Amino acid sequence: MQALYHKSPVKVLGRAIYDIENLTYQKSLEQFWKNPTKPDKNLYIKFRNYLIKNTQINGNFYGYFNFKEL
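Conventions used here
- Residues numbered from 1 in each chain as written.
- Predicted model: local features only at pLDDT ≥ 70, side-chain atom pairs only at ≥ 80, totals over all residues.
- Heavy atoms only, no water.
- Salt bridge = Lys/Arg side-chain N within 4 Å of Asp/Glu carboxyl O.
- Helix = DSSP H or I, 4+ residues; strand = E, 2+ residues; numbered from the N terminus.
- Buried < 20%, exposed > 50% of the residue type's maximum accessible area, 1.4 Å probe, protein only.

## A short note on the pattern of salt bridges
Oppositely charged side chains may form a pair once their charged atoms are brought near each other. For the structure shown, the criterion picks out one salt bridge. Glutamate 30 is paired through a salt bridge with lysine 34; the nearest N and O atoms lie 3.3 Å apart. Note that glutamate 30 and lysine 34 are positioned in helix α2 (residues 29-34) at a spacing of four residues, about one turn of the helix. Look at glutamate 30 and you get exposed, because its relative accessible area is 53%.

Below is the structure:
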């Protein structure tokens, strides 16, 4: 996820929740080394916001945390 945040090309070698077309490289590893592509920024932002909204509890040790969406 950090590599995606920093707009670095990503090739998933196993299983990952973020292994999505236009977010990660979908072709072979050999082709990835020859022609890596950056993730789609808008898709990353939508995916990140979805994860935060649907899988995280909004709060911290001391109480409510008002995070801002990207």
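From this point, things continue past the structure.
## Things to note about unusual backbone geometry
Residues other than glycine predominantly adopt negative phi, and peptide bonds predominantly adopt the trans conformation. One non-glycine residue, lysine 7, adopts positive backbone phi at about 60°. Mapped onto the fold, lysine 7 is located in the loop between α1 (2-5) and α2. A relative accessible area of 44% places lysine 7 in the partly exposed class. In the Ramachandran plot, asparagine 22 falls in the positive-phi region, its phi being about 75° despite a non-glycine side chain. Checked against the element boundaries, asparagine 22 lands in the loop between α1 and α2.

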